[in-house]
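Overview (structure and organization)
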Amino acid sequence: DIVRSISDLQRIFDAVRRDLEKKFNFKFDHPIKLEMRSFPKDENWDTSREFGLYKYHGRIVFTEPSVIGKWRKKKTSVRFENETCTIIIMDYLPKNKAAEVIAHELAHDYMKHRWYFVKSSLLKEGFAELVAAEYNRMTGNEKWNYRMKRPITVFTGTKEMCGFILMVISIRKK
(Lines give C-alpha, C1' and ligand atoms only; values in the text may rest on other atoms or scores of the structure.)
Protein backbone atom coordinates (compact mmCIF):
# COMPACT_ATOMS: atom_id res chain seq x y z
CA ASP A 1 0.00 0.00 0.00
CA ILE A 2 1.56 3.28 -1.17
CA VAL A 3 0.95 6.87 0.01
CA ARG A 4 -0.28 8.63 -3.12
CA SER A 5 -1.69 11.92 -1.85
CA ILE A 6 -1.27 14.48 0.89
CA SER A 7 -4.68 13.48 2.29
CA ASP A 8 -3.43 9.86 2.67
CA LEU A 9 -0.32 11.18 4.37
CA GLN A 10 -2.37 13.47 6.65
CA ARG A 11 -4.47 10.49 7.85
CA ILE A 12 -1.29 8.55 8.66
CA PHE A 13 0.22 11.62 10.36
CA ASP A 14 -2.87 12.10 12.56
CA ALA A 15 -2.87 8.41 13.57
CA VAL A 16 0.86 8.38 14.40
CA ARG A 17 0.53 11.61 16.37
CA ARG A 18 -2.39 10.18 18.38
CA ASP A 19 -0.45 6.96 19.03
CA LEU A 20 2.63 8.83 20.27
CA GLU A 21 0.51 11.03 22.51
CA LYS A 22 -1.24 8.00 23.96
CA LYS A 23 1.66 5.53 24.23
CA PHE A 24 4.56 7.85 25.13
CA ASN A 25 2.61 10.75 26.63
CA PHE A 26 4.08 13.12 24.02
CA LYS A 27 2.46 16.55 23.78
CA PHE A 28 2.24 18.40 20.49
CA ASP A 29 0.54 21.64 21.52
CA HIS A 30 1.46 23.68 18.46
CA PRO A 31 0.66 23.45 14.74
CA ILE A 32 2.86 21.24 12.59
CA LYS A 33 2.71 21.70 8.84
CA LEU A 34 2.91 18.51 6.79
CA GLU A 35 4.33 18.40 3.26
CA MET A 36 4.90 15.62 0.76
CA ARG A 37 7.61 16.04 -1.90
CA SER A 38 9.36 14.21 -4.65
CA PHE A 39 13.11 14.22 -4.20
CA PRO A 40 15.80 15.20 -5.11
CA LYS A 41 14.35 18.62 -5.98
CA ASP A 42 15.87 20.24 -2.90
CA GLU A 43 19.65 20.48 -3.08
CA ASN A 44 19.86 20.44 0.75
CA TRP A 45 18.30 16.99 0.92
CA ASP A 46 20.44 13.93 1.60
CA THR A 47 18.64 11.46 -0.69
CA SER A 48 21.05 8.65 0.04
CA ARG A 49 19.35 7.53 3.25
CA GLU A 50 16.54 9.75 4.57
CA PHE A 51 12.84 9.80 3.73
CA GLY A 52 11.78 12.69 5.96
CA LEU A 53 12.89 16.06 7.25
CA TYR A 54 11.94 18.14 10.29
CA LYS A 55 12.33 21.90 9.86
CA TYR A 56 12.02 24.39 12.70
CA HIS A 57 12.04 28.15 12.32
CA GLY A 58 11.49 30.34 15.32
CA ARG A 59 13.02 31.72 18.45
CA ILE A 60 13.33 30.23 21.92
CA VAL A 61 13.07 32.93 24.58
CA PHE A 62 14.29 32.38 28.14
CA THR A 63 13.03 34.69 30.88
CA GLU A 64 15.13 35.68 33.88
CA PRO A 65 14.88 33.32 36.83
CA SER A 66 12.34 34.39 39.42
CA VAL A 67 12.17 33.55 43.11
CA ILE A 68 9.55 30.91 43.93
CA GLY A 69 8.47 29.94 47.43
CA LYS A 70 10.18 30.39 50.77
CA TRP A 71 13.29 28.39 49.74
CA ARG A 72 13.99 30.86 46.96
CA LYS A 73 14.22 28.30 44.20
CA LYS A 74 14.87 29.87 40.86
CA LYS A 75 12.94 28.91 37.78
CA THR A 76 13.59 30.01 34.23
CA SER A 77 10.62 29.99 31.91
CA VAL A 78 10.83 29.26 28.22
CA ARG A 79 8.56 30.28 25.38
CA PHE A 80 8.68 29.75 21.64
CA GLU A 81 8.07 32.77 19.41
CA ASN A 82 7.27 33.08 15.72
CA GLU A 83 7.71 29.36 15.25
CA THR A 84 6.95 27.31 12.20
CA CYS A 85 7.32 23.55 12.41
CA THR A 86 7.24 21.56 9.20
CA ILE A 87 7.58 17.86 8.54
CA ILE A 88 8.40 16.92 4.95
CA ILE A 89 7.94 13.32 3.82
CA MET A 90 9.03 11.77 0.54
CA ASP A 91 6.11 10.82 -1.69
CA TYR A 92 5.17 7.30 -2.80
CA LEU A 93 6.47 5.56 0.32
CA PRO A 94 4.77 2.41 1.59
CA LYS A 95 2.25 3.42 4.27
CA ASN A 96 4.09 1.52 7.01
CA LYS A 97 7.37 3.21 6.12
CA ALA A 98 5.66 6.62 5.97
CA ALA A 99 4.29 6.02 9.49
CA GLU A 100 7.79 5.16 10.76
CA VAL A 101 9.28 8.27 9.15
CA ILE A 102 6.52 10.44 10.63
CA ALA A 103 7.18 8.95 14.10
CA HIS A 104 10.89 9.75 13.66
CA GLU A 105 10.22 13.36 12.62
CA LEU A 106 7.61 13.87 15.37
CA ALA A 107 10.26 12.70 17.85
CA HIS A 108 12.50 15.53 16.59
CA ASP A 109 9.63 17.98 17.14
CA TYR A 110 8.96 16.64 20.63
CA MET A 111 12.62 16.89 21.54
CA LYS A 112 12.88 20.45 20.18
CA HIS A 113 9.99 21.59 22.38
CA ARG A 114 10.63 19.56 25.54
CA TRP A 115 14.42 19.08 25.59
CA TYR A 116 15.46 22.24 23.74
CA PHE A 117 18.76 22.26 25.68
CA VAL A 118 20.03 19.08 23.96
CA LYS A 119 22.52 20.12 21.27
CA SER A 120 24.09 16.78 20.34
CA SER A 121 22.96 15.61 16.90
CA LEU A 122 23.83 12.06 17.98
CA LEU A 123 21.35 12.26 20.85
CA LYS A 124 18.69 13.83 18.67
CA GLU A 125 19.02 11.20 15.94
CA GLY A 126 19.38 8.37 18.42
CA PHE A 127 16.20 9.39 20.23
CA ALA A 128 14.26 9.81 16.96
CA GLU A 129 15.44 6.39 15.73
CA LEU A 130 14.45 4.81 19.03
CA VAL A 131 10.96 6.36 18.94
CA ALA A 132 10.49 5.21 15.33
CA ALA A 133 11.64 1.70 16.22
CA GLU A 134 9.29 1.59 19.22
CA TYR A 135 6.45 2.81 17.01
CA ASN A 136 7.20 0.02 14.53
CA ARG A 137 7.32 -2.50 17.36
CA MET A 138 3.98 -1.42 18.82
CA THR A 139 2.29 -1.52 15.38
CA GLY A 140 3.73 -4.93 14.42
CA ASN A 141 6.16 -3.55 11.83
CA GLU A 142 9.47 -4.52 13.42
CA LYS A 143 10.81 -5.59 10.02
CA TRP A 144 11.36 -1.89 9.28
CA ASN A 145 13.78 -1.61 12.23
CA TYR A 146 16.82 -2.56 10.16
CA ARG A 147 18.86 0.41 11.43
CA MET A 148 18.28 -0.60 15.05
CA LYS A 149 19.75 -4.06 14.53
CA ARG A 150 23.18 -2.43 14.57
CA PRO A 151 22.75 0.52 16.97
CA ILE A 152 26.42 1.42 16.74
CA THR A 153 25.64 2.92 13.31
CA VAL A 154 22.95 5.11 14.86
CA PHE A 155 24.58 6.05 18.17
CA THR A 156 28.27 5.70 17.25
CA GLY A 157 28.93 4.51 20.79
CA THR A 158 28.91 7.88 22.59
CA LYS A 159 29.00 8.01 26.37
CA GLU A 160 26.22 10.61 26.25
CA MET A 161 23.76 7.94 25.15
CA CYS A 162 23.90 6.02 28.46
CA GLY A 163 22.01 8.60 30.53
CA PHE A 164 19.76 9.47 27.65
CA ILE A 165 18.76 5.85 27.06
CA LEU A 166 17.85 5.55 30.75
CA MET A 167 15.53 8.54 30.29
CA VAL A 168 13.99 6.96 27.18
CA ILE A 169 13.46 3.66 28.98
CA SER A 170 11.46 5.52 31.62
CA ILE A 171 9.27 6.95 28.82
CA ARG A 172 8.83 3.48 27.31
CA LYS A 173 7.48 2.11 30.60
CA LYS A 174 4.56 4.58 30.64
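As a starting point, this report considers the structure included with it. It should be emphasised that the depicted structure is a prediction, and the values quoted were computed from it without experimental measurement. (Residues numbered from 1 in each chain as written. Predicted model: local features only at pLDDT ≥ 70, side-chain atom pairs only at ≥ 80, totals over all residues. Heavy atoms only, no water.)

**Observations regarding the overall build of the protein**
Spelled out, the test is: Counting from the N terminus, the helices are the DSSP runs of H or I reaching at least four residues and the strands are the DSSP runs of E reaching at least two. The cut-offs for exposure are 20% and 50% of the maximum accessible area for each residue type, with area from a 1.4 Å probe on protein chains only; residues under the lower value are buried, those over the upper are exposed, and the others partly exposed. Working rule for contacts: check all heavy atoms of both residues, and any pair within 4.5 Å makes them a contact. Exposure was quantified through the Shrake-Rupley algorithm and a 1.4 Å probe, taking into account, for residues, occlusion by the shown protein chains and nothing else.
From N to C terminus, the protein includes five helices and five strands. Reading the secondary structure of the protein in the N-to-C direction produces α-β-β-β-β-β-α-α-α-α. For the protein, the proportion of its 174 residues judged to be buried stands at 42%. When contacts within the protein are restricted to residue pairs at least 6 apart in sequence, long-range pairs at least 24 apart make up 70% of them. As presented, the protein carries roughly 10600 Å² of accessible surface, and 53% of it is formed by carbon and sulfur atoms.

**What to know about helix α1 (residues 6-24)**
Put simply, the rule is: One less than the number of residues in a helix, times 1.5 Å, gives the span that helix is expected to have. Throughout, the arc means the angular range of directions from the helix axis out to the C-beta atoms.
Here α1 contains 19 residues, and its C-alpha end-to-end distance of 26 Å stays within 8% of the 27 Å for a straight helix at 1.5 Å per residue. Taken together, the buried positions of α1 are D8, L9, I12, F13, V16, R17, L20 and F24. Viewed end-on, α1 has its buried residues packed into an arc of 165°, placing them on one side of the element. Exposed and oriented more than 90 degrees from the buried face of α1 are R11, R18 and K22. Just beyond α1, the residue with positive phi is N25, at close to 60°.

**Some details on the pattern of salt bridges**
Note that side chains of opposite charge can pair when their charged atoms are close. Operational definition: The working definition used for a salt bridge is a side-chain nitrogen of Lys or Arg within 4 Å of a carboxyl oxygen of Asp or Glu.
Inspection of the entire model under this criterion finds 10 salt bridges. A salt bridge links K33 to E35; the nearest nitrogen and oxygen atoms lie 3.3 Å apart.

**A short note on the environment of R59**
Heads up, the rule is: Identification of polar contacts relies on pairs of N or O atoms within 3.5 Å, with a donor-acceptor requirement for protein atoms, meaning one able to donate a hydrogen and the other able to accept it, and with residues adjacent in sequence counted only if both atoms are side-chain atoms.
With respect to the element layout, R59 can be found in strand β2 (residues 52-62). R59 sits 23 residues away from N82 along the chain, and the two C-alpha atoms are 6.5 Å apart. Look past the residues within four positions of R59 in its chain and what remains in contact with it is R79, F80 and E81. A polar side-chain atom of R59 sits 2.5 Å from a polar atom in the side chain of E81.

**Comments concerning the packing of aromatic side chains**
This is how it is decided: Within 6.5 Å between ring centres, the rings of Phe, Tyr and Trp (the latter by its six-membered ring) count as paired, and their orientation is classed by plane angle as stacked under 30 degrees, edge-to-face over 60, tilted in between.
Inspection of the entire model under this criterion finds nine aromatic pairs. Ring centres of Y116 and F117 lie 5.7 Å apart, and the angle between their planes is 85°; on these two criteria the pair is classed as edge-to-face. One aromatic cluster is present, built from ring pairs that chain together F24, F26, F28, Y110, W115 and F127.

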